[in-house]
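Remarks on the overall topology
Letter by letter, the chains look like this.
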Amino acid sequence: MNNEQNKELNLIIKEELAALAEPDYRLFSSKLLPGVTNILGVRLPNIRGIAKRLAKGDWKRYLSSALDDSMEEVMLQGMTIGYVKAPLNELLPFIQAFVPKINNWSVCDSFCSGLKITKQYKTEMYDFLLSYLTSEKEYDVRFAVVMLLNYYIEEPYLSSVLSHLDSVSHPAYYVKMAVAWAISMCYVKFPDETMPYLLSNTLDTETYNKALQKITESLKVSPETKKQVRMLKR
C-alpha cells in the first residue's frame, strides 16, 4: 500500500466516522472528557465494528499510517490493536507506539480492556508495564495502573501489584483515581490479604481515602465491613 492508498484509507475512515457521528453524543462525551476538543461523537460499539474489520485486514499498514485528527481516530487505533490476532513480539511495537497517543481516560481504559492478549503473555506484559509506572506522563501511568487492575489482581501477583501501586507518586487526578480504583478491587477480591496494606501504606491522603470510598461503594462488600473500612479514613 503506497502513500496514495494510505491517504485513501484514512479518508474512507474519516468519512465513515463522520457518518456515524451524533451531535448529542458528542456533547455528552465532551462533558465526560473535559479538555478534549477533537470529539466527533461516535459511540464505542460503532468504533469497535470498524476496528474488527481493520484488524482482519492489513492492520500493520493501517496502524503505521493512521491519523490522530479526532479522538475517535485514536480510539479506533487502540481498539484495532486489541482485535489483532498476532504474537506479542509482533504486536508490542504497535502497543508502544500507541501509548503516547493516549490523552484521556476513555481512550486509555478502552485500550486496556481490549488488550486481552495480556492473558496469554502474563509475565512478558507485566515486565513491560512496570516501566510506565514511573513515567512523568499522566496517561502513561494510568495505562499501566489500569492494565494491572484489569489483568493482574490475582493471587500470584497481588503482593507485587500492591507494592507497585504504593510506589506510584504521579500527582495527576486521573492517576490517583486509577490507583484508588485498583486498590479497591484488590480489597474486593482479596480482603484479608489487602487489609494489612490498607493499615500500612504510603499513599497520599486523597488517593487513600478515594480507595476506601470505592471499597464502600462496592456491592460485593458487606454493610458491616463497609463500616469498618469507613473508620480507616484519614
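Residues numbered from 1 in each chain as written. Predicted model: local features only at pLDDT ≥ 70, side-chain atom pairs only at ≥ 80, totals over all residues. Heavy atoms only, no water.

Comments concerning a positive patch on the surface
Taken together, Arg48, Lys52, Lys56, Lys116 and Lys119 make up a surface patch of like positive charges. Mapping Lys56 onto the fold places it in the loop between helix H3 (44–55) and helix H4 (59–65). (Patch = residues over 30% accessible without salt bridge, like charges linked within 9 Å, V, L, I, M, F, W, Y side chains within 5 Å. Areas by Shrake-Rupley, 256 points an atom, 1.4 Å probe, with all protein chains shown as cover. Salt bridge = Lys/Arg side-chain N within 4 Å of Asp/Glu carboxyl O. Lys, Arg positive; Asp, Glu negative; His and termini not counted. Charge placed at Lys NZ, Arg CZ, Asp CG, Glu CD. Helix = DSSP H or I, 4+ residues; strand = E, 2+ residues; numbered from the N terminus.)

Let's talk about the packing of aromatic side chains
Scanning the entire structure with this criterion turns up eleven aromatic pairs. Each ring, one from Tyr126 and one from Tyr157, has its centre 4.8 Å from the other, and the planes form 50°; the classification is tilted. Taken together, the residues span a long stretch of sequence, with Tyr126 in helix H8 (residues 122–130) and Tyr157 in the loop between helix H9 (138–151) and helix H10 (158–167) at a distance of 31 residues. The exposure class of Tyr157 is buried, given its relative accessible area of 15%. Centroid distance Tyr173 to Tyr174: 5.0 Å. Interplanar angle 85°. Geometry classified as edge-to-face. Given a relative accessible area of 22%, Tyr174 falls into the partly exposed group. Site record: aromatic cluster; members linked through ring pairs are Phe98, Phe111, Phe128, Tyr132 and Phe143. Positioned above the aromatic ring of Tyr152, the side-chain terminus of Lys122 is 5.1 Å from the ring centre. Positioned above the aromatic ring of Tyr208 is the side chain of Arg234, whose terminal nitrogen or guanidinium carbon lies 3.9 Å from the ring centre. (Phe/Tyr/Trp six-rings, centres within 6.5 Å; stacked < 30°, edge-to-face > 60°. Buried < 20%, exposed > 50% of the residue type's maximum accessible area, 1.4 Å probe, protein only. Lys NZ or Arg CZ within 6 Å of the ring centre and 35° of its normal.)

Section: the pattern of salt bridges
Here the structure, examined in full by the defined rule, presents nine salt bridges. Between Glu16 and Arg53 there is a salt bridge; the shortest N-O distance is 2.9 Å. Of this pair, Glu16 sits in helix H1 (residues 3–20) while Arg53 sits in helix H3, and the two are 37 residues apart along the sequence. For Glu16, a relative accessible area of 24% corresponds to the partly exposed category.

Details of the environment of Ser30
You can see Ser30 is positioned in helix H2 (residues 23–32). A C-alpha to C-alpha distance of 9.5 Å links Ser30 and Leu40, two positions ten residues apart in sequence.

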